[in-house]
Amino acid sequence: MSDQKVTKVVIAGGGTAGWITAAALSKQLGPLLSITLVESDQIGTVGVGEATIPTHRTFHRLIGVDEQEFMKATQATFKLGIAFENWARIGDRYIHSFGQIGRSTWMADFHHVWRRAQAEDLATDLGDYCFELQAAEAGKFATSEKSPINYAYHLDATLYAQFLRKKSEEAGVRRVEGRIDRVEQRSTDGHVEALVLQSGERIEGDLFIDCTGFRALLIEGTLQTGFEDWSEWLPTNSAFAVQTEAVEPARPYTRAMAHDAGWQWRIPLQHRVGNGLVYCSEYLSDDEAQTRLLGNVEGRTLTDPRLIRYQTGRRKKIWNKNVVSMGLSSGFLEPLESTSIHLIQIAATRLIQLFPFSGITPAIAARYNDQSANDLRQIRDFLILHYKLTERDDSPFWRRCRDMSIPDTLQERIDLFREHGHAYQAPDDLFRVDSWVQVMLGQRARVEGYHRMGHMMSTAQAKSALETMRSNIASTVAKLPTHAEFIARYCAAGKPG
């Protein structure tokens, strides 16, 4: 395979996906590769992936990003979780936090102890035993190098791409400005040979990364890979996005507010707020959706509402021939749990681990595809959970979600939790046990059984242990600065011009 060595990487498209990929490859494999990124300033990006999950911090350590520099550059704030409003019932609210709930043992997780205590009126709300959740509710935040707090970020996706572009170019990535006119393939095997720009410039490569967004110019437009449609389980297909002025101090969490045909997000940055209305066009017209969004935002709008059309699902192959799709070109899962940027980062990390230095073969592509498909299916199931476990009966949309059939992989998880109180995180799962527990209980899943480990303690012992845990969290949270105070001294960004 010596004549198949891969050294020339061409990234088609910039934006968040393109520059995350460029930054990761150049940092970890830079001396071994020639990396070229082709993008056009004339082509806009979706750019609404403004909330992240804690894996973002791990990725930044991998590529050597300084947190304070990054936060100043991207107008970022801290995120401790997501507040879900009106999901199980109108008027309901719960937070899916990034924190650990209580203290678990090898035998059983903390929520089993809590279930016993709750049955005997010894415990308060489950969230009272989670530091991050209580800090989020109080609008408090602080971190340091030794802090165990688990958090993510709200960020400006456009500024983030610019930030990573600077890092990538400093690391040797060559950026070529221009629109792709056509894609040339080898006649022998159909592999992509070169991108030809409208200027006539020809960009040759050994491996091509498709970061062309929903257009999927290489993976679908050229290779016609095919698409696996998941809209039967995740039926929303449209969103309007708009930016507004901030009218209150930024809260350290995202808001996801359900409405009768979908949900609305609110993501607070340092000097503005990202807003969006996600909906299913079968139940809400575009005009109604735009009017609803503008009627629900707070503060003066800074941009015109932008309509985004999408279909939930994934490419049948994420890696096909010598093309690897990243970001929106590989598929789409709505941003309900802020996984969009994570999926790009894990895809880039996996490519580094499986990089085909000795040549592209079916075996290495199959391994990449299997892992990628597993990631997407797991996240898909977690998102479906929010829709399936609803008691809302006020609209056709929610009745459809409540009554729909769901994948067996998710049904098994729900049955296990309802019947025995067990949740789990498999070795390759993204979402932790505490995430499944918070969402299932927040969605009013009725739990019949639980592990009896908690009964090993006396009533007095259980009551004392839980009260100590709860009061320690409350007193620690009370000592924290407000989220706004901490940002002001740690990573304050100048107001955009």
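Just above sits the structure.
Residues numbered from 1 in each chain as written. Predicted model: local features only at pLDDT ≥ 70, side-chain atom pairs only at ≥ 80, totals over all residues. Heavy atoms only, no water.

### Quick notes on the overall build of the chain
Here comes step 1: Each helix and strand in the chain was counted, giving 14 helices and 21 strands.
Here comes step 2: Taking 2.2 N^0.38 as the reference for a compact globule, 497 residues should give roughly 23 Å; the C-alpha atoms of the chain span a radius of gyration of 23 Å, in line with that estimate.
Here comes step 3: If you line up the chain on its principal axes, its C-alpha atoms span 75 × 50 × 50 Å.
Here comes step 4: Considering the chain as a whole, with its 497 residues, one finds that 56% of them fall into the buried category.
Here comes step 5: Here the analysis covers contacts within the chain between residues at least 6 apart in sequence; of these, 77% occur between residues at least 24 apart.
Here comes step 6: As displayed, the chain has an accessible area near 21100 Å², and 47% of this comes from carbon and sulfur atoms. (Helix = DSSP H or I, 4+ residues; strand = E, 2+ residues; numbered from the N terminus. Rg over C-alpha atoms; globule rule 2.2 N^0.38 Å. Buried < 20%, exposed > 50% of the residue type's maximum accessible area, 1.4 Å probe, protein only. Contact = heavy atoms within 4.5 Å. Areas by Shrake-Rupley, 256 points an atom, 1.4 Å probe, with all protein chains shown as cover.)

### Things to note about the side chain of Ser 330
Here comes step 1: Tracing the backbone shows Ser 330 in the loop between strand 20 (323-325) and strand 21 (331-332).
Here comes step 2: Within the local environment of Ser 330, its side chain forms a polar contact with the backbone oxygen of Gly 327, the two atoms lying 2.6 Å apart.
Here comes step 3: Look past the residues within four positions of Ser 330 in its chain and what remains in contact with it is Arg 314, Arg 315, Ile 318 and Ser 325. (Polar contact = N/O pair within 3.5 Å; in protein donor to acceptor, adjacent residues only side chain to side chain.)

### A short note on unusual backbone geometry
Excluding glycine, residues mostly carry a negative phi; peptide bonds, for their part, are mostly trans.
Here comes step 1: Positive phi outside glycine occurs at Gln 75, with the angle close to 60 degrees.
Here comes step 2: Relative to the helices and strands, Gln 75 is located in the loop between helix 3 (67-73) and strand 3 (77-79).
Here comes step 3: Positive phi values are uncommon outside glycine, yet Ser 338 reaches one of about 55 degrees.

### Details of the sheet that holds strand 10 (residues 202-204)
Here comes step 1: With antiparallel pairing, three strands are arranged side by side in an open sheet as 8-9-10. The two strands at the open ends of the sheet, each matched to only one other strand, are strand 8 (180-185) and strand 10. Here the strands of the sheet are splayed against their neighbours by 25 degrees on average, with no regard to which way each runs.
Here comes step 2: As paired strands, strand 8 and strand 9 (residues 192-197) are joined by five bridges and run antiparallel to one another. When the sheet's bridge partners are listed, Arg 182 is paired in strand 9 with Val 196. (Pairing = 2+ DSSP bridges. Axes fitted to C-alpha atoms, helices over the stretch in contact; angles between N-to-C directions.)

### Section: the packing of helix 1 (residues 15-29) against helix 6 (residues 157-170)
Here comes step 1: Running from N to C, helix 1 and helix 6 point in directions that differ by 30 degrees, and their axes come no closer than 8 Å. In terms of orientation, helix 1 lies roughly parallel with respect to helix 6. Where helix 1 crosses over helix 6, the two elements pack in a sense that is left-handed. Contacts between helix 1 and helix 6 pair Gly 15, Thr 16, Trp 19, Ile 20, Ala 22, Ala 23 and Ser 26 from the former with Ala 157, Tyr 160, Ala 161, Leu 164, Arg 165, Ser 168 and Glu 169 from the latter.
Here comes step 2: Class assignment of the residues belonging to the contact of helix 1 with helix 6 gives a composition of eight nonpolar, four polar and two charged. (Parallel < 35°, antiparallel > 145°, perpendicular 65-115°, else oblique. Left-handed = near helix turned anticlockwise from the far one by under 90°. Nonpolar A, V, L, I, M, F, W, Y, C, P; charged D, E, K, R; others polar.)

### As for the sheet that holds strand 21
Here comes step 1: Reading across the sheet, the three strands line up as 12-18-21 and stay open at both edges, with antiparallel pairing between neighbours. Looking at which strands have only one partner, the edges of the open sheet turn out to be strand 12 (227-229) and strand 21.
Here comes step 2: Two strands pair when backbone bridges link them, and strand 12 and strand 18 (residues 313-315) are joined in this way by three bridges, in the antiparallel orientation. Bridged to Glu 228 within strand 18 is Arg 314.

### Brief notes about the pattern of salt bridges
Two side chains with opposite charge may pair up if their charged atoms get near one another.
Here comes step 1: Using the criterion set out here, one finds 39 salt bridges in the structure.
Here comes step 2: For Asp 156, the salt bridge identified is with Arg 272, shortest N-O distance 3.0 Å. Remark: Arg 272 occurs in strand 16 (residues 272-279) and Asp 156 occurs in the loop between strand 6 (152-154) and helix 6; sequence separation between them is 116 residues.
Here comes step 3: We classify Arg 272 as buried; its relative accessible area is 8%.
Here comes step 4: Between Glu 220 and Arg 315 there is a salt bridge whose closest N-O contact spans 2.9 Å. Here Glu 220, found in the loop between strand 11 (207-210) and strand 12, pairs with Arg 315, found in strand 18; they are 95 residues apart in sequence, far enough to count as distant.
Here comes step 5: Relative accessible area serves as the criterion here: at 8%, Arg 315 is assigned to the buried category.
Here comes step 6: Overlapping salt bridges, with partners in common, bring together Lys 8, Asp 181, Arg 182, Glu 184, Glu 193, Arg 202 and Glu 204 in one network. (Salt bridge = Lys/Arg side-chain N within 4 Å of Asp/Glu carboxyl O.)

### Focus: the pairing of strand 11
Here comes step 1: Judged by which residues are buried, strand 11 turns out to be covered on both faces: Leu 207 and Ile 209 on one side and Phe 208 and Asp 210 on the other are all buried.
Here comes step 2: Two elements, strand 1 (residues 8-12) and strand 11, share four bridges in a ladder whose sense is parallel. Each residue of the ladder has a partner; that of Ile 11, found in strand 11, is Ile 209.
Here comes step 3: Relative to strand 20, strand 11 runs parallel, the two being bridged by three bridges. If you follow Phe 208 over to strand 20, its bridge partner there is Val 323.

### Let's talk about the nonpolar core
Here comes step 1: Grouped together as the largest cluster of nonpolar side chains are 126 residues, with contacts concentrated most on Phe 78, Leu 351 and Tyr 387.
Here comes step 2: Among the elements that make up this core, the one with the highest residue count is helix 9 (residues 362-388) (nine residues).
Here comes step 3: Counting 15 residues, the second largest nonpolar core, distinct from the first, contains Val 38, Val 192, Ile 203 and Leu 218. (Core = buried A, V, L, I, M, F, W, Y, C linked by side-chain atoms within 4.5 Å.)

### Here's the deal with the packing of aromatic side chains
Here comes step 1: In this structure the tally under the stated criterion is 29 aromatic pairs.
Here comes step 2: Ring centres of Phe 240 and Tyr 279 lie 6.3 Å apart, and the angle between their planes is 10 degrees; this geometry places the pair in the stacked category. Taken together, the residues Phe 240 in strand 13 (residues 238-245) and Tyr 279 in strand 16 connect sequence positions 39 residues apart. Of the two residues examined, Phe 240 and Tyr 279, each falls in the buried class.
Here comes step 3: A centroid spacing of 4.5 Å and a plane angle of 40 degrees characterise the contact between Tyr 310 and Phe 332, whose relative ring orientation is tilted. Residue Tyr 310 is found in the loop between strand 17 (306-309) and strand 18, and its partner Phe 332 is found in strand 21; the two are separated by 22 residues along the sequence. Each member of the pair, Tyr 310 as well as Phe 332, carries the same accessibility label: buried.
Here comes step 4: Three or more aromatic residues joined by ring pairs form one cluster here, namely Phe 70, Phe 78, Phe 141, Tyr 151, Tyr 153, Tyr 160, Phe 163, Phe 486 and Tyr 490.
Here comes step 5: Here the basic side chain of Arg 57 rests over the ring of Tyr 151, its NZ or CZ set 3.8 Å away from the ring centre.
Here comes step 6: One Lys or Arg, Arg 452, reaches over the ring of Tyr 450 and ends 4.1 Å from the middle of that ring. (Phe/Tyr/Trp six-rings, centres within 6.5 Å; stacked < 30°, edge-to-face > 60°. Lys NZ or Arg CZ within 6 Å of the ring centre and 35° of its normal.)

Honestly, it's all geometry; don't read function into it.
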